[in-house]
Number of protein chains: 2
Amino acid sequence: MLRDGVRRLGPLALILLACSGSTGSGEAEQPRIALVIHGGAGTIRPENVSAEREAAYRSALTATLEAGIALLHEGASSLDVVETVIRRMEDDPLFNAGRGAVFTAEGRNELDASIMDGSTSLAGGVAGVTRVRHPITAARAVMEKTEHVLLAGSGAERFADAQGLEMVDPEFFWTERRWKSLERAREREHVGASGGAAAAFGTVGAVALDRDGRLAAGTSTGGMTNKKHGRIGDSPIIGAGTYANSECGVSSTGHGEYFIRFAVAFDICARLRAADLTIQEAADQVIHGVLHEAGGEGGIIALDASGNPALVFNTDGMYRGYALADGQLNVAIFKDK
Amino acid sequence: MLRDGVRRLGPLALILLACSGSTGSGEAEQPRIALVIHGGAGTIRPENVSAEREAAYRSALTATLEAGIALLHEGASSLDVVETVIRRMEDDPLFNAGRGAVFTAEGRNELDASIMDGSTSLAGGVAGVTRVRHPITAARAVMEKTEHVLLAGSGAERFADAQGLEMVDPEFFWTERRWKSLERAREREHVGASGGAAAAFGTVGAVALDRDGRLAAGTSTGGMTNKKHGRIGDSPIIGAGTYANSECGVSSTGHGEYFIRFAVAFDICARLRAADLTIQEAADQVIHGVLHEAGGEGGIIALDASGNPALVFNTDGMYRGYALADGQLNVAIFKDK
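Residues numbered from 1 in each chain as written. Chains lettered and ligands numbered in written order. Predicted model: local features only at pLDDT ≥ 70, side-chain atom pairs only at ≥ 80, totals over all residues. Heavy atoms only, no water.

Trainee: Go over the interface of chain B and chain A with me, naming the residues and quoting the values.
Mentor: Contact residues are listed per partner, giving 36 residues for chain B and 36 residues for chain A. For chain B, the biggest contributors to the area lost against chain A are His148, His229 and Arg261 of chain B; these three give 22% of the whole. Counting the contacts that link chain B with chain A gives 4 salt bridges. Where arginine 273 of chain A meets aspartate 267 of chain B, a salt bridge forms, and the shortest distance between an N and an O atom there is 2.7 Å. Taken together, the connections running from chain B to chain A amount to 16 residue pairs in polar contact (both at pLDDT 80 or more). The set of elements that each furnish at least two residues to the side of chain B that touches chain A consists of strand E3 (122–129), strand E4 (150–152), helix H6 (153–162), strand E7 (231–232), helix H9 (256–261) and helix H10 (264–274) of chain B. Here the side of chain B that touches chain A gets 6 residues from one element, more than from any other, and that element is H10 of chain B. Classifying every residue of the side of chain B that touches chain A by side-chain character gives 20 nonpolar, 6 polar and 10 charged. Pairing geometry for strand E4 (residues 150–152) of chain A and E7 of chain B, over 2 bridges, is antiparallel. Its bridge partner lying in E7 of chain B, leucine 151 of chain A is registered against arginine 231 of chain B. (Contact = heavy atoms within 4.5 Å. Buried area = accessible area lost by both parts, 1.4 Å probe. Salt bridge = Lys/Arg side-chain N within 4 Å of Asp/Glu carboxyl O. Polar contact = N/O pair within 3.5 Å; in protein donor to acceptor, adjacent residues only side chain to side chain. Helix = DSSP H or I, 4+ residues; strand = E, 2+ residues; numbered from the N terminus. Nonpolar A, V, L, I, M, F, W, Y, C, P; charged D, E, K, R; others polar. Pairing = 2+ DSSP bridges.)

Trainee: Lay out the nonpolar core in plain terms, naming residues and giving numbers.
Mentor: The biggest cluster of nonpolar side chains holds 100 residues, and the ones touching the most others in it are Val264, Ile268 and Ile300 of chain A together with Val264, Ile268 and Ile300 of chain B. Aside from chain neighbours lying at most four places away, what touches isoleucine 300 of chain A is Val250, Ser251, Ser252, Phe259, Val264, Ile268, Ala283, Ile287, Ala310, Leu311, Val312 and Met318 of chain A. (Core = buried A, V, L, I, M, F, W, Y, C linked by side-chain atoms within 4.5 Å. Buried < 20%, exposed > 50% of the residue type's maximum accessible area, 1.4 Å probe, protein only.)

Trainee: Residue-level account of helix H5 (residues 135–145) of chain A, with values.
Mentor: Along an α-helix, residues three or four apart share an orientation, since each turn contains 3.6 residues. All names here are of chain A. In terms of residue burial, H5 counts as a mostly covered element, since 9 of its 11 residues are buried. By the burial criterion, the buried members of H5 are Pro135, Ile136, Thr137, Ala138, Ala139, Arg140, Ala141, Val142 and Met143. Looking at the buried side of H5, the elements it contacts are helix H4 (78–91), strand E2 (111–117), strand E3 (122–129), E4, helix H6 (153–162) and strand E6 (215–221).

Trainee: Please give an account of the sheet that holds strand E2 (residues 111–117) of chain B that cites residues and values.
Mentor: Within the open sheet, the 9 strands sit side by side as E7(A)-E4(B)-E3(B)-E2(B)-E6(B)-E5(B)-E1(B)-E12(B)-E13(B). Their pairing is mixed. A strand with exactly one partner marks an edge of an open sheet, and here the two such strands are strand E7 (231–232) of chain A together with strand E13 (329–334) of chain B. When E2 of chain B meets strand E6 (residues 215–221) of chain B, the two strands line up antiparallel, connected through 6 bridges. Bridging from a neighbouring strand, serine 114 of chain B pairs with threonine 219 of chain B of E6 of chain B. On top of the sheet, helix H4 (residues 78–91) of chain B reaches strand E1 (34–42), E2, strand E5 (204–209) and E6 of chain B; it is set at about 155 degrees to E5 of chain B, its chief contact. Its contacts with the sheet place helix H5 (residues 135–145) of chain B against E2, E3, E4 and E6 of chain B, and it is angled at close to 135 degrees to E3 of chain B. (Axes fitted to C-alpha atoms, helices over the stretch in contact; angles between N-to-C directions.)

Trainee: Describe in detail the pattern of salt bridges, supporting the description with residues and values.
Mentor: Scanning the entire structure with this criterion turns up 30 salt bridges over all chains. We note a salt bridge from arginine 158 of chain B to glutamate 106 of chain A, for which the minimum N-O separation is 3.2 Å. Note that arginine 158 of chain B is positioned in helix H6 and glutamate 106 of chain A in the loop between H4 and E2, a pairing that runs across two chains. Overall, arginine 158 of chain B belongs to the partly exposed group, its relative accessible area being 44%. Each of the salt bridges in this network shares a partner with another, and the network as a whole consists of Asp80, Glu83, Arg140 and Glu144 of chain A.

Trainee: Tell me about the pairing of strand E12 (residues 317–324) of chain B, residues and numbers included.
Mentor: All names here are of chain B. Most of E12 is tucked away: 8 of the 8 residues are buried. Judged from the 5 bridges that link them, E12 and E13 form a sheet pairing that is antiparallel. Among the inter-strand pairings, arginine 320 is bridged to a residue of E13, identified as alanine 332. Linking E12 to E13, which pair antiparallel, is a turn of 4 residues; within it glycine 327 sits at a positive phi near 100 degrees.

Trainee: Any details on the packing of aromatic side chains? Residues and values, ideally.
Mentor: Residue and element names in this part refer to chain A. In the structure shown here, the tally under the stated rule is 11 aromatic pairs over all chains. A centroid spacing of 4.9 Å and a plane angle of 90 degrees characterise the contact between phenylalanine 103 and tryptophan 179, whose relative ring orientation is edge-to-face. Here the residue phenylalanine 103 occupies a position in the loop between H4 and E2, and tryptophan 179 occupies one in helix H7 (residues 176–190), the gap between them amounting to 76 residues. A relative accessible area of 2% places phenylalanine 103 in the buried class. Under the relative-accessibility criterion, tryptophan 179 is labelled partly exposed at 24%. Geometrically, the ring pair formed by tyrosine 243 and phenylalanine 266 is edge-to-face, given 4.9 Å between the ring centres and 85 degrees between the ring planes. Taken as a pair, tyrosine 243 in strand E8 (residues 242–244) and phenylalanine 266 in helix H10 (residues 264–274) lie far apart in primary sequence, 23 residues in all. Across the pair, phenylalanine 266 and tyrosine 243 agree in class, each one buried. (Phe/Tyr/Trp six-rings, centres within 6.5 Å; stacked < 30°, edge-to-face > 60°.)

Right under this line is the structure:
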């Protein structure tokens, strides 16, 4: 009730209430809006990224954060913001999700996504869809319109179609850049070379905290270049690619098999719950500890219930950024910038 | 080194070493073999199960445990034993896995399975296969023969076929009992009735601890009667349906969506790691606490690294049993027997 009143009175009242300590939240910090996003992790080094491409990524990440934090300021739910910013990245060919997705060994784009509402612990995901323009929206429809959490393949597609979601010809997802990646991967495979995998994965994701203190997280991907046999990675898997509860939200990117085997997104939240750790420390333990020791490469973005962000990766780089209630907005690609 | 010596000397040496305290394991208990299995949880009440059917289940569970514990005594790996006992239950029409699987809304049997080796943290799973006689063996092949963890649909099937696994006509899985369940579910749906879901799910699973102290866990299912849209439940999902590491192994059965949303199998292991809990206490917290509060029905079987079993469910019953190193063998179906 009080919180509803605060929402109607606007941000100023929120600040006054926070200062007066009359919200009844006791020792807990007042929730504040926050948004953190990623566009994939991997062997992203300054020498591998042209100045032009670097500028394009920075610009895309900045515009996405600005759009998302504005929505949060206006009172949008974290779930809406996560869906909106991921749709935007799905439409952007720079990122391996939606349009711009990488190709499977069979030359197709098979898309995966998941979303979780931390305030209800409801979740949804789709795996291996080829005609849904915005897989993250299909994931949300699974969460909201079915009793299920994960739908795969043609069944997921028929469901999305029946829900009236935007369906496209599979060619919609084709981009020359990703097709060339597949050709290079096939060539490497042909000559028996290994490696290159770290460069070939990518994902987009977002975690948001809204004015009502609700966390949500989502992830969307085109998977791994040259993937085979109907492989499902971590992105549509709740607990691996995406997790959110009332204390913690996480979206992962990286070598998905490791993220599944170590339930990376859930484990960060479990460590936060179990011990007196910050979200940064919990994420560091999993990404630089557990995952690194196992040989797993990738990263995560996360928020805690107070809006503290963590952006942690054990690769050369991760496309990433955060925007906070106080106007801070930060975008980075490489280890330190 | 010492442990290899113990294995060569046999069980007597193991007991002597354990008593002399000379194994260097400090305060830790000596690993001992153990096996725990389940055949599904749900609305299983004495009044719903005929004496004949009850006897058939008790007999099947007992024979499965006897076969499995004998293999462990002979020195078989926990991974081999988990696969072997699950294959046996997949072949038994009593259980909703392999032959005897329930039907989807489209009248098909779509099978899911996963397996995890706690000693290596490697894992594999298949989802939505329709022609693989033993999905658990396909899951193990994914773990051992690919870089992936989860394969789905026709891709998973082509992979299993290429690996030389036994493929069958989809009709192989047909049983009259499960077909009638589908007809009843369709009828309930037609008249707009709800419920019955709790009775309609089922799964088989096993967790084993071998002489070398290695834990493994596996799960196999036909899913939910009348499931739609390529739904994937928790059974093929590492962290939800199955988890194993060096300290803990878990296999789940129940309303799969809840098991995914709360990463049930992983969470039990995370709680064991984080706090001074027994495996029983960790499982109780998740099944009777988290899951019950969310309205999720089902159960788990688990072992810790000392071979202590936990068999926990919040439904009326769970087909279940355990066999321990000292010869104890226990089988139960209902709440208390």
